[in-house]
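These are the residues of each chain, in order.
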Number of protein chains: 2
Amino acid sequence: MAQKKLGKQTVMFQNPPSIMATSSIVGPKEGQGPLKDYFDIIIQDDLWGEESWEKCESKLQQEAVRLALSNAKIVESQVDYLFAGDLLNQIIASSFSARSLQIPFFGLYGACSTMTESISLGAMIIDGGYADKVACVASSHFSTAERQYRYPLELGNQRPLTAQWTVTGAGASILTSQGEGPYVTHVTTGKVIDPGIKDSNNMGAAMAPAAADVIVQHFKDTGFKPSDYDLIITGDLASIGKDIAEDLIKKEGYSISKVYSDCGVKIFDNEVQDTHAGGSGCGCSAVVFNGYIYKELLQNKLNKIMLISTGALLSPTSAQQGESIPGIAHAVTISNSIS
Amino acid sequence: MAQKKLGKQTVMFQNPPSIMATSSIVGPKEGQGPLKDYFDIIIQDDLWGEESWEKCESKLQQEAVRLALSNAKIVESQVDYLFAGDLLNQIIASSFSARSLQIPFFGLYGACSTMTESISLGAMIIDGGYADKVACVASSHFSTAERQYRYPLELGNQRPLTAQWTVTGAGASILTSQGEGPYVTHVTTGKVIDPGIKDSNNMGAAMAPAAADVIVQHFKDTGFKPSDYDLIITGDLASIGKDIAEDLIKKEGYSISKVYSDCGVKIFDNEVQDTHAGGSGCGCSAVVFNGYIYKELLQNKLNKIMLISTGALLSPTSAQQGESIPGIAHAVTISNSIS
């Protein structure tokens, strides 16, 4: 069998899966941000006709998959597997969406690393020959996350400046074995790394070491340099975590400054939108990738990028029991050419 | 590329991954049940030296992986990927275990279908050539599940006879590309199926249609008959769900009665242990498979089995919002010979 594993944590595809279509659906606040022109649908309120925020999030995810399939000009029954996850307890947004979609379903939980976790597994399953088409999707919703992880919204609790704003949105990618790109060429799978932070209003700092670790590991495994990329973009470290990750990567001998950004920094204009450190949530990297980055790849404004969705592995229970917040991050390389 | 997909939902492996070792760790109650002699470790109380039941569950999972690695005579650094999940909000049992193990980590949420979800993905990743060794693990804990899903244990709430007893335990399998079996030869991936049941004390009935659907699909995809198997065993339908599944499968023209059992029925002696319908939880099929079934395969008392872990996709929030309980089930065929 040909060598598919590179170094310790990276896979290089022999027949890189192609991303044949994507979709992005966002909430009203995201629809007023700097990336608004890239999103397929901007919903007008945070219920979208549903009775609860949780049901709205499930609808966001389900409609994101349907729209991506429509953009790909295929139907549900042509999709071999659905890889989906979200932040809600027992990933109910994904499960109830999967009930409607009726595609064989692998439920994932990677906190906000879910988008690249789903692309990593989906791409391996396609390149391995087990599927012709897979759908990868992740979602989050400001109001479901706030009341589950933090406080009732009605309380009007004040947020520290290190806090991030959970993105309301869902993004989906349809991967296929035969296609004309953009291609998923490499995946680097992360380990859980815990810097010992206990402040759940400072998640960027909690996740930054995991992001730095997987990015450095990717360079070591592949031999790529930062300058091989047009864009290296983390999921939702936001402004504080982004600076920490950049410093940690620099200490390992790689300067990524010229090409480095973060989805949580890109999605909101903090000067106007008062989102403090920036965006977060599974939906953050999901909509920034499937909306903004994918369209820039199609237009050749970007040609080779690395997306590193980042997750903070806490629950209200683990926090109450005095646990710190470990992070995880998974990296995928997406390129217009197979080099 | 050789044909790996059979029918709609099944994969047949070209180089079936071998299960080189397993482990099972259970709680005191499981350690008094009919399968007690098959388990590697029976803990003496439900904290196992930890400060909380949640930390105990994380330790169960971590120690199950360590023990399986030890049984396989390998160490953490030789394992390419960890596939793990549990029932806790944000799968904290798995995440904190993965922090300790330092193996590249894919977090899963499939409710009690997690054991076969993890084996399905792990086997595809190995047969696909992306890994040489993977660890697959799932856990549950009676006390963490009760207080998260139902009532404080201190309340001493009465349980209806349809209720099941969440297994305290963790089971792990180590899969490898080169080995002498037992082999994972086929996986059939389930869809979410919702019979409309809203009673969270009747999960067996909620999951039975999903189990029946994936078993029937497996027969259709592979051409196998029930008599090709020494044992067809569902995860945790328990006594009520088991009968429903058997009936549903019979209506589709397959009689599985002679070889059919359920992990939730096997693990407790309801006459003595007062567990009502039987066992449940991710740990149920995890310890029954990795304890009892694996050892029976090694001794050639069983030679070809199908394990179908079954999950009920509810959360307290979805129940409060009036949602029904959809089910999911994933089937894996494990055989001593590659036919």
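Rules and cut-offs
- Residue numbers run consecutively from 1 along every chain, following the written order of its sequence.
- Note on labels: chains are lettered from A, ligands numbered from 1, in written order.
- Under the rules for a predicted model, residues below a pLDDT of 70 receive no local features and side-chain atom pairs below 80 are neither given nor counted, while totals for whole chains, interfaces and linings still include all residues.
- Comment: elements are numbered from the N terminus, with helices defined as DSSP H or I runs of at least four residues and strands as E runs of at least two.
- The globule rule used for comparison is 2.2 Å times the number of residues to the exponent 0.38, while the radius of gyration itself is calculated over C-alpha atoms.
- By definition, residue pairs are in contact when their C-beta atoms, positioned from the backbone, come within 7 Å.
- Note on residue categories: nonpolar means Ala, Val, Leu, Ile, Met, Phe, Trp, Tyr, Cys or Pro, charged means Asp, Glu, Lys or Arg, and polar means any other residue, Gly included.
- Copy-to-copy alignment: least squares on C-alpha atoms, limited to residues at pLDDT 70 or above in both.
- To estimate the expected span of a helix, count its residues, drop one, and scale the result by 1.5 Å.
- With C-beta atoms placed from the backbone, a residue is labelled by how many other C-beta atoms lie within 10 Å of its own: buried for 20 or more, exposed for 12 or fewer, partly exposed between the two.
- Axis lines are fitted through C-alpha atoms, for helices just across the contact stretch, and the angle between N-to-C directions can take any value from 0 to 180 degrees.
- The sense of a crossing depends on the near helix, which, turned anticlockwise from the far helix by less than a right angle, makes the crossing left-handed and, turned clockwise, makes it right-handed.
- Only buried residues count toward a nonpolar core: Ala, Val, Leu, Ile, Met, Phe, Trp, Tyr and Cys, linked into one set through C-beta atoms within 7 Å.
- Two strands pair under a simple rule: DSSP has to find at least two bridges between them.
- For every domain, the bounds stem from an assignment made automatically or drawn from a database.
- Each angle is binned into one of four classes, with values under 35 degrees roughly parallel, values over 145 roughly antiparallel, values of 65 to 115 roughly perpendicular, and all other values oblique.

1. Things to note about the overall build of chain A
A count of helices and strands for chain A gives 10 helices and 15 strands. Taken against the 2.2 N^0.38 rule, which gives 20 Å for 339 residues, the C-alpha radius of gyration of chain A at 18 Å falls within 12% of a compact globule. Principal-axis analysis of the C-alpha atoms places the extent of chain A at approximately 55 × 50 × 35 Å. In chain A, the proportion of contacts linking residues at least 24 apart, taken out of those at least 6 apart, comes to 78%.

2. Focus: the interface of chain B and chain A
Facing the 51 residues of chain B at the interface are 50 residues of chain A. Those elements that place two or more of their residues in the side of chain B that touches chain A are α1 (53–71), β5 (81–85), α2 (92–101), β6 (105–108), α3 (114–127) and α10 (316–320) of chain B. The residue inventory of the side of chain B that touches chain A, partitioned by class, reads 24 nonpolar, 17 polar and 10 charged.

3. Focus on the relation of the copies chain B and chain A
With an RMSD of 0.0 Å, the operation that places chain B on chain A is a rotation of 180 degrees combined with a shift of 0.0 Å along the axis. Put plainly, the chains are arranged around a two-fold axis. Same-surface contact between copies: 98% of interface residues of chain B are shared with the interface of chain A.

4. Structural notes on helix α1 (residues 53–72) of chain A
Residues and elements named next belong to chain A. Taking 1.5 Å per residue, 20 residues should reach 28 Å; α1 reaches 28 Å between its end C-alpha atoms and fits that length. Taking burial as the measure, the 20 residues of α1 include 17 buried ones, the bulk of the element. Within two residues after α1, K73 carries a phi angle of roughly 60 degrees, on the positive side.

5. Some details on the environment of E57(B)
Residue and element names in this part refer to chain B. Position of E57 among the secondary structure elements: in helix α1. What makes E57 buried here is the crowd of 33 C-beta atoms within 10 Å. Each C-alpha atom, one on E57 and one on I119, is 20 Å from the other, the two residues being 62 residues apart in sequence. Those residues in contact with E57, other than ones at most four positions away along the chain, are D86, L88, A93, S139, H141 and T144.

6. Some thoughts on unusual backbone geometry
Cis peptide bonds are those with omega within 30 degrees of zero, and the linkage from G181(A) to P182(A) qualifies with -5 degrees. Of note, P182(A) is situated in the loop between β9 (169–176) and β10 (183–188). At D274(B), a residue that is not glycine, the phi angle is positive and equals roughly 55 degrees. With respect to the secondary-structure elements, D274(B) resides in the loop between α8 (270–273) and β13 (278–280).

7. Description of the packing of helix α5 (residues 203–222) of chain B against helix α6 (residues 238–251) of chain B
Residue and element names in this part refer to chain B. Their axes nearest at 8 Å, the elements α5 and α6 cross at an angle of 35 degrees. Taken as a pair, α5 and α6 cross one another with a handedness that is right-handed. Contacts from G204, A205, M207, A208, P209, A211, A212, I215 and V216 of α5 reach α6 at A238, I240, G241, I244, A245, L248 and I249. Looking at the contact of α5 with α6 residue by residue, the classes come out as 14 nonpolar, two polar and no charged.

8. With respect to the nonpolar core
By size, the foremost hydrophobic cluster in this structure holds 236 residues, and its most contacted members are A135(A), A211(A), A135(B) and A211(B). Excluding residues that lie within four positions of it along the chain, A211(A) makes contacts with T234(A), L237(A), A245(A), I308(A), T310(A) and A329(A).

9. Notes on the pairing of strand β5 (residues 81–85) of chain A
Residue and element names in this part refer to chain A. Along β5, five of the five residues are buried, which leaves the element largely enclosed by surrounding structure. Residues Y81, F83 and G85 line one face of β5 and the alternating positions L82 and A84 line the opposite face, and both faces are buried. The pairing of β5 with strand β7 (residues 133–140) spans five bridges and is classified as parallel. In the sheet register, L82 faces β7, and the bridge partner there is A135. Here β5 runs beside strand β6 (residues 105–108); their pairing, made up of four bridges, is parallel. From the neighbouring strand, G85 faces β6, where its bridge partner is L108.

10. So, the domain arrangement of chain A
Residue and element names in this part refer to chain A. Split into domains, chain A comes out as domain 1 (15–176) and domain 2 (183–335). With 51 residues of domain 1 in contact, the opposing surface of domain 2 contributes 53 residues. For the side of domain 1 that touches domain 2, the secondary-structure elements that each account for two or more residues are β3 (18–26), α3 (114–127), β7, α4 (142–149), β8 (165–166) and β9. Along the lines of polarity and charge, the residues of the side of domain 1 that touches domain 2 split into 25 nonpolar, 21 polar and five charged.

11. Thoughts on the packing of α1(B) against α2(B)
A pair of packed helices is captured by two measures, namely the crossing angle of their axes and the spacing between those axes. All names here are of chain B. Packing of α1 against α2 leaves a shortest axis separation of 8 Å and a crossing angle of 50 degrees. The angle between the axes of α1 and α2 places the two elements in the oblique class. Seen along the crossing, α1 lies across α2 with a hand that is right-handed. Seen from α1, the contacting residues are E54, E57, S58, Q61, Q62 and V65; seen from α2, they are I92, A93, S94, F96, S97, S100 and L101. When its residues are assigned to classes, the contact of α1 with α2 shows five nonpolar, six polar and two charged.

12. What to know about the pairing of strand β14 (residues 304–312) of chain B
Residues and elements named next belong to chain B. Of all nine residues that make up β14, nine are buried, and the element is covered over most of its length. Pairing between strand β11 (residues 231–234) and β14: four bridges, direction parallel. Within β14, the residue paired with T234 across the bridge is I308. Two elements, β14 and strand β15 (residues 327–335), share nine bridges in a ladder whose sense is antiparallel.

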